[in-house]
Amino acid sequence: MIPEIGHFSLILAMLVALAMGVLSIAGGQRGRADWMALARPGAQALWLLAGFSFLCLTYSFYTNDFSVLYVSQHSNTKLPDMYRIAAVWGGHEGSLLLWLVMLCSWMMAISLFSRQLPDVMVSRVLGVMALIAVGFLMFMLFTSNPFARLSEIPADGRDLNPLLQDPGLVFHPPMLYMGYVGMSVPFAFSIAALLNGRLDAAWARWTRPWATAAWICLTIGIAMGSWWAYYELGWGGWWFWDPVENASFLPWLVGTALIHSLAVTEKRGLFRSWTIMLSLIAFSLSLLGTFLVRSGVLTSVHAFATDPKRGVFILLFLAVVVGSSLILFATRAGKVRAGGAFALVSRETFLLINNVLLTTAAAAVLLGTLYPLIIDALNMGKLSVGPPYFNSVFAPLMMPVLFFMVVGSFARWKSDTVADLANKLRPVGIASVIIGCTLPFLAGTWSPLVALALSLSVWIVLGSALQIYRQLKDTVNWKSTPISFWGMHVAHIGIAICVVGITMVKGYETEKDVRMAMGDTVEVGGYTFRLINISERTGPNYNADVGTVELIKNGKVLKTLHPEKRTYFSSTMPMTEAAIDSGFTRDVYVSLGEKLEDSATPAWAMRVYHKPFVPWIWVGCFFMALGGGMAALDKRYRKKLAAKLTQADIKGMAV
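Residues numbered from 1 in each chain as written. Predicted model: local features only at pLDDT ≥ 70, side-chain atom pairs only at ≥ 80, totals over all residues. Heavy atoms only, no water.

Q: How should the overall build of the protein chain be read in this particular structure?
A: For the protein chain, the count of helices and strands is 20 helices and ten strands. Expected size for 655 residues packed as a compact globule is a radius of gyration near 26 Å; at 27 Å, the protein chain falls within 12% of this value. Once the C-alpha set of the protein chain is aligned to its principal axes, its extents read approximately 90 × 75 × 55 Å. Classification of the 655 residues of the protein chain by burial places 57% in the buried group. For the protein chain, contacts bridging at least 24 residues in sequence account for 72% of all contacts bridging at least 6. For the protein chain, the exposed area adds up to about 27,700 Å²; of that, 66% sits on carbon and sulfur atoms. (Helix = DSSP H or I, 4+ residues; strand = E, 2+ residues; numbered from the N terminus. Rg over C-alpha atoms; globule rule 2.2 N^0.38 Å. Buried < 20%, exposed > 50% of the residue type's maximum accessible area, 1.4 Å probe, protein only. Contact = heavy atoms within 4.5 Å. Areas by Shrake-Rupley, 256 points an atom, 1.4 Å probe, with all protein chains shown as cover.)

Here's what the structure looks like:
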């Protein structure tokens, strides 16, 4: 009975979303206040219906209702409660329902926290998002019903993929989806502005906090996924340039360009068409990522579905969304008034340069991701594009981004001079080069690429420190400084921290694959690892070999590590649970391999790593997200309208 109620809730949600989308947009276009008034309650009703359907599916998992096909495929009676709940989004159908819930949650948030915006704008925004929801509801109901029943009920389920039986499944997908789906908000604001014909500073001010909030969620989600892969897969990698990883990274790159372009549009009224295009591209890339994960064109640990029919549906939906938005942009872009002028040397110029570099980097990653798929689809053979391509293309594009990040923050709006910028930045530049070129000597072998990356990181930190110092010096009351100022510098420092982590671990990590018997030792990165013993342990739904490894430095035992090799009852595939000792400037990492049967004495394959500064990658991401949150909380985004819009105002905003 519960699955049928959940399915009916989805049908009702589709009808509500369709009616709400049509009436809200039509009301905005025709100036019908009564139709526009349906937008907020419609969004709240849609959130309740989607949430209720999600709870029904969760209840089916919790009660082991194996009459539901999706539950029988992704759970069983021995699955721990935490993973039984997380298994709701552990497969294609449930993750799609989570996608819908996140979309409706964004709509709910807009309906509650956009009271200061004109009703005509809110109705258009919510109407656009409701039509997006219709597309995904149709996808679920016609091709991916999470409540489909089985005629013959199995005694037990197949179990959740062992790779997903980890706390990372609880937190990573919801946060990543919140960011993915959040890109629909600036998309909807842009479509609403194109329908309205008014792309001004007010529109940018309304859009910017929502775009920043989506970017924050995407940042945290990507960082969580990187950390999860790092400790779960057992070979110490934190980014693989996997096509599905790239699918989440692409909207992040374009979203980063978008929030900076919105800043220029809000401040100076410039880059309006460019900002609109970035918002359309960011959401289009989110939909493309959905296609890659669910179409069956990829074989990946991240991919959910292998049914080509589902891929065709999403591809058609992607074509409709992207095609209609580009047509609307083409017909309305000519009516967008040009903003004010700016000099070649100005903050606007440097922000534009970084925007172009970020979108170029996204295009390069997109090419490397899709090109092998296109070649395969055309039956032109198999082609693999791996880390060497991405590293060689992406890193050179990011170096000038890091440089201009500081130059742009020091440059004045409208016009500046090279001489003034040079005077301001000369001390920072000299100190950065000296420190950045000296630090590699302390780490070991000197490398020009490491020195360059560290110099740019120090450049960002010192540049932010100098600006903060000047702000405090020139301001009587530091509390009067906008929180967005602090947020900008916290985020920029976070990028510097992340770059230091990436640079140091790529430049100086060491690893060894060894055969170890009881009492054997191996030295890596100045640390000694001694295998004490291997014991057996039985978990709730698996058996495990558990190693006891002493971590030793200078003859002193620092810690005892316990790597595991698990075999789940429902699967013959062994899973590695690495043991990691994290410190401020390094991780030491041990993973347990297979038992070597051909050895006269009991021995195991072991992999040990020393990874300098790798935790800084995720600490930097945290600071980026924190800075974005501070910027989004700026009080200017919470200003109330000076007065209620009259009916004439509403008609004036209608097209």
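Still more to cover.
Q: Help me understand helix α10 (residues 201-232), please; the structure alone is not making it clear to me.
A: For the α-helix, the turn length of 3.6 residues means that residues three or four positions removed from each other point alike. Compared with an ideal rise of 1.5 Å per residue, which puts 32 residues at 46 Å, α10 spans 46 Å between its outermost C-alpha atoms and is within 8% of the ideal. Approximately 30° is the largest bend angle found in α10, and it occurs at T207, with the proline P209 only one to four residues beyond. The buried fraction of α10 amounts to 26 of the 32 residues, a majority that puts the element mostly inside the structure. (Expected span 1.5 Å × (residues − 1). Bend = angle between axes of the 7 residues up to and from the residue.)

Q: Just to check I follow, could you spell out the pattern of salt bridges for this structure?
A: The full count for this structure, using the stated rule, is 17 salt bridges. Across the pair E348 and R268 runs a salt bridge, and its minimum N-O distance is 2.5 Å. Of the two residues, E348 is situated in helix α14 (residues 347-377) and R268 in helix α11 (residues 243-268); the sequence distance between them amounts to 80 residues. As far as burial versus exposure is concerned, E348 and R268 are alike and both buried. The residue R530 makes a salt bridge to E550 at a minimum N-O spacing of 2.9 Å. Highlighted residues: R530 in strand β3 (residues 527-538) and E550 in strand β4 (residues 542-553), separated in sequence by 20 residues. Relative accessible area serves as the criterion here: at 31%, R530 is assigned to the partly exposed category. (Salt bridge = Lys/Arg side-chain N within 4 Å of Asp/Glu carboxyl O.)

Q: Sorry if this is basic, but what is going on with the packing of aromatic side chains here?
A: The geometry of two aromatic rings is summed up by the distance between their centres and the angle between their planes. A full pass over the atoms with the stated rule returns 32 aromatic pairs. Their ring planes at 65° and their centres at 5.6 Å tell us that W239 and F249 sit as a pair that is edge-to-face. Separated by ten residues along the polypeptide, W239 in the loop between α10 and α11 and F249 in helix α11 bring together distant segments of the chain. The same class applies to W239 and to F249, which are both buried. On the basis of an interplanar angle of 90° and a centroid distance of 5.1 Å, the ring pair of Y589 and Y609 is categorised as edge-to-face. Residue Y589 is located in strand β9 (residues 586-595), and its partner Y609 is located in strand β10 (residues 603-612); the two are separated by 20 residues in the primary sequence. An identical accessibility class is assigned to Y589 and Y609; each is buried. A network of ring pairs unites the aromatic residues W215, W239, W241, F249, W252, Y389, F390 and F394 as a single cluster. Against the face of W35 rests R32, its NZ or CZ located 4.3 Å from the ring centre. Looking at K553, its charged tip hangs above the ring of Y527, at a distance of 4.5 Å from the centre. (Phe/Tyr/Trp six-rings, centres within 6.5 Å; stacked < 30°, edge-to-face > 60°. Lys NZ or Arg CZ within 6 Å of the ring centre and 35° of its normal.)

Q: Just to check I follow, could you spell out helix α9 (residues 184-196) for this structure?
A: Its 13 residues give α9 an end-to-end C-alpha distance of 18 Å, which sits within 8% of 18 Å, the value for a rise of 1.5 Å per residue. A large share of α9 lies buried, amounting to 13 of its 13 residues. G197, located one to two residues past α9, shows a positive phi value of around 85°.

Q: Looking at this model, I keep getting lost on the nonpolar core. Mind explaining?
A: General note: in soluble globular proteins, nonpolar side chains tend to be found buried as a group. If you look at the biggest cluster of nonpolar residues, it comprises 141 residues, and the most contacted ones within it are L100, M129, F189 and W203. In terms of residue count, the dominant contributor to this core is α10 (16 residues). Those residues in contact with L100 that lie beyond four places of it in its chain are L10, A50, A133, L137 and M140. V345, L425, A453 and L456 belong to the second-largest nonpolar core, a separate cluster that totals 18 residues. (Core = buried A, V, L, I, M, F, W, Y, C linked by side-chain atoms within 4.5 Å.)

Q: When you look at the packing of α10 against α11 in this model, what are you seeing that I'm missing?
A: Interaxial distance between α10 and α11 falls to 9 Å at its minimum, and their mutual angle equals 150°. As summarised for this structure, α10 and α11 are arranged roughly antiparallel, according to the angle between their axes. For the crossing formed where α10 meets α11, the hand is left-handed. Between α10, through A201, W203, A204, R205, T207, R208, A211, T212, W215, L218, T219 and I222, and α11, the contact on the second element is made entirely by S248, F249, P251, W252, G255, T256, L258, I259, L262, A263, T265 and E266. Tallied by class, residues from the contact of α10 with α11 come to 14 nonpolar, seven polar and three charged. (Axes fitted to C-alpha atoms, helices over the stretch in contact; angles between N-to-C directions. Parallel < 35°, antiparallel > 145°, perpendicular 65-115°, else oblique. Left-handed = near helix turned anticlockwise from the far one by under 90°. Nonpolar A, V, L, I, M, F, W, Y, C, P; charged D, E, K, R; others polar.)

Q: Looking at this model, I keep getting lost on the confidence of the model for the protein chain. Mind explaining?
A: Predicted coordinates in areas of low pLDDT are best not read in detail. For the protein chain, per-residue confidence averages 89 on the pLDDT scale, and residues scoring 70 or more make up 94% of the total. Note on residues 301-305: pLDDT under 50 across the span, and 21 contacts to partners over four residues away in sequence or across chains. This model gives residues 641-655 a pLDDT under 50, and the stretch forms 26 contacts once residues within four places in sequence are excluded. (pLDDT = per-residue confidence, 0-100.)

Q: For this particular structure, what's the right way to read the sheet that holds β10?
A: Either a parallel or an antiparallel arrangement is found when strands of a sheet pair, and the pairing is made through backbone hydrogen bonds. Read across the open sheet, the four strands follow the order β1-β10-β9-β8; overall the sheet is antiparallel. Sheet topology places β1 (510-517) and β8 (579-582) at the edges, where each strand pairs with a single neighbour. Pairs of neighbouring strands in the sheet enclose a mean axial angle of 15°, with direction left out of account. Where β9 lies against β10, eight bridges are found, and the strand directions are antiparallel. The partner of D587 across the bridge, within β10, is K611. The sheet strands contacting helix α18 (residues 483-508) are β1 and β10, and the helix crosses β10 at an angle near 135°. (Pairing = 2+ DSSP bridges.)

Q: Sorry if this is basic, but what is going on with the environment of T256 here?
A: Within the secondary structure layout, T256 lies in helix α11. Looking at T256, the relative accessible area reads 10%, which means it is buried. Residues T256 and N355, 99 residues apart in the sequence, show an inter-C-alpha distance of 8.3 Å. Sequence-distant contacts of T256, that is, excluding residues within four places in its chain, are made with W215 and L358.

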